[in-house]
Amino acid sequence: MSLEVAKELVDEFNNGEYEENIEPHFNTLMNFLKFVKKYGLLDELDLGEIPSREFDDELFNFFEENGVVSNMDYDNMPEHFKNHFLLNGLENNYENTMWFITHNLITDVVIRPDGFYLHLRDREELEILFCGNRRGDGARYVAKIVLSEDGLGHEWYYDNYVKPYQVVDELDDANITALKDIIFKEIGDKELSLEDYNSDFFEELSEEQGTEGYFRLRAQDLEGLVKDEEAFNELCESELDDLGQNLKSLYWNSENQAYEDEAYDLVYGGLEEYFEGRISYVPKEVTRTDGSKITRYDSYIKIRDFQNIIQTFLENNKGGYWNDSHLEYFGGLVSLMVGMMNDDQIDCIDFRAPEYPDWNRTRKNINENFSEYL
């Protein structure tokens, strides 16, 4: 064959006639490419006409070894070349390739000396990385509340059946002593009618004191009172109503705080699968249109293994023609990760939301917050 024949075949290839006029004579695409190379015409080929079924690592490596790839611009190269091109760059020119990706394709990622950071518009955008469910009460529901601006004000748990004694039963010695002092200041040595109470504790006090029809709470009686659930709750529904309400509030808020703390631990612990540490806020001075300056804060979170996310996507989409086969389709890391989750390339973040507040946390909160409520 002559150079003229080779040029004619290149024209036919560029016109989309590979399968009809070229493949029957050369059997494989690689044979044809070697023939074209022999006549120095590789750069004349329209590589966009390569059939998708033919494109693989061997084909890309052939073009790379023969200097074709080095002359190509990412934005103008055939779609099925792009991910091979970036993978080759990550292996052979890592820093420049990562710079290109973060400045042109996934543009919400910032390179710092200690790693890659995701620049967040707001932290709520991370909620989509958590697994959802049909009931709408799974990990994504919890993450949505934790990551929202109003998360701290959310009522996580409410117990309608709280009795004041439930707090007393969990108090440490110091707070029990403080509680007894409060009770004595309120009703110590005050004459209280037995008609208002049904507890055997008060009946026995009246008999012991020889005060028919009434009783008094003396200092020595307080130890017994804080050990008697029925008597304590009765007092908190009458003479010590304010104390009872405060104890209920302490209990409710201690439970809510315990649930909230666990929810925060679950959400931020889940984020550690893909990120490191908490969200950081960097101040930035902004000039308004009127010339005045204000301070705003940019939010960042460190990415645990950005290279692995990128490499996993590229490996799973090598030779892809469709728009969503390429990084620029997503533009941002969170969108990219959601796309990968939808395609089962990486896992969404999941955990089981607790049914009840952790009791150890609740008890700790009760004792730590006791003085604020009483």
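Remember, it's a predicted structure, so these values are computed and weren't measured experimentally.

A short note on the pairing of strand β2 (residues 115–120)
Consecutive residues of a regular strand have side chains that alternate between opposite faces of the sheet.
Phase 1: Counting buried residues in β2 gives 5 out of 6 residues, a clear majority hidden from the surface.
Phase 2: As judged from the 4 bridges shared by strand β1 (residues 109–112) and β2, these two strands associate in the antiparallel manner. Counted as the bridge partner of Arg112 is Gly115 from β2.
Phase 3: From the end of β1 to the start of β2, which pair antiparallel, there are 2 residues.
Phase 4: By the bridge criterion, 4 bridges tie β2 to strand β6 (residues 293–303) in an arrangement that is antiparallel. Counterpart to Tyr117 in the pairing with β6 is Lys302.

Concerning the layout of surface pockets
Phase 1: Counted as a void, the largest pocket has a volume near 200 Å³.
Phase 2: Lining the largest pocket are 14 residues, and of these Arg135, Asp137, Gly138, Arg352 and Ala353 sit closest to its centre.
Phase 3: A per-class count over the lining of the largest pocket returns 6 nonpolar, 3 polar and 5 charged.

Examining the pattern of salt bridges
Phase 1: Across all of its chains, the model carries 18 salt bridges by this definition.
Phase 2: A salt bridge links Asp221 to Arg218; the shortest N-O distance between them is 2.9 Å.
Phase 3: Note on Asp221: relative accessible area 6%, which makes it buried.
Phase 4: Glu368 serves as the salt-bridge partner of Lys364, at 3.0 Å between the closest nitrogen and oxygen. On the criterion of helical spacing, the pair formed by Lys364 and Glu368 is a turn pair, its members being 4 residues apart in helix α17 (residues 359–373).
Phase 5: The exposure class assigned to Lys364 is partly exposed, which follows from its relative accessible area of 49%.
Phase 6: For Glu368, a relative accessible area of 47% translates into the label partly exposed.
Phase 7: Through salt bridges with shared partners, one network takes in Asp57, Glu315 and Lys318.

Remarks on the confidence of the model for the chain
Low pLDDT marks regions whose predicted coordinates should not be analysed in detail.
Phase 1: Summarising the model, the chain shows a mean pLDDT of 90, and 98% of its residues fall at 70 or more.
Phase 2: Mean pLDDT values for the elements of the chain range from 85 in strand β5 (residues 275–287) up to 97 in helix α14 (residues 306–316).

Side note on the packing of helix α5 (residues 79–92) against α14
Phase 1: Two elements in contact, α5 and α14, have axes whose closest approach is 9 Å; the angle formed by their N-to-C orientations is 140°. If you check the angle between α5 and α14, you find them oblique. Crossing of α5 over α14 shows left-handed handedness. Each of Asn83, Leu86, Leu87 and Leu90 in α5 lies in contact with α14, whose residues at this interface are Ile310, Gln311, Leu314 and Glu315.
Phase 2: A per-class count over the contact of α5 with α14 returns 5 nonpolar, 2 polar and 1 charged.

Examining the sheet that holds β2
Strand pairing in a sheet is mediated by backbone hydrogen bonds. Such pairs are either parallel or antiparallel.
Phase 1: Pairing within the open sheet is antiparallel, and its 4 strands lie in the order β1-β2-β6-β5. The open sheet has two edge strands with one neighbour each: β1 and β5. The average angle at which neighbouring strand axes cross in this sheet is 35°, direction not considered.

Scoring rules and cut-offs
- Residues numbered from 1 in each chain as written.
- Predicted model: local features only at pLDDT ≥ 70, side-chain atom pairs only at ≥ 80, totals over all residues.
- Heavy atoms only, no water.
- Buried < 20%, exposed > 50% of the residue type's maximum accessible area, 1.4 Å probe, protein only.
- Helix = DSSP H or I, 4+ residues; strand = E, 2+ residues; numbered from the N terminus.
- Pairing = 2+ DSSP bridges.
- 1 Å grid on protein atoms, 1.4 Å probe; cavity = no way out; pocket = protein on both sides within 12 Å on 5 of 7 lines; lining within 4 Å.
- Points joined across faces, edges and corners; volume = space filled by probe spheres on them.
- Nonpolar A, V, L, I, M, F, W, Y, C, P; charged D, E, K, R; others polar.
- Salt bridge = Lys/Arg side-chain N within 4 Å of Asp/Glu carboxyl O.
- pLDDT = per-residue confidence, 0-100.
- Axes fitted to C-alpha atoms, helices over the stretch in contact; angles between N-to-C directions.
- Parallel < 35°, antiparallel > 145°, perpendicular 65-115°, else oblique.
- Left-handed = near helix turned anticlockwise from the far one by under 90°.
- Contact = heavy atoms within 4.5 Å.

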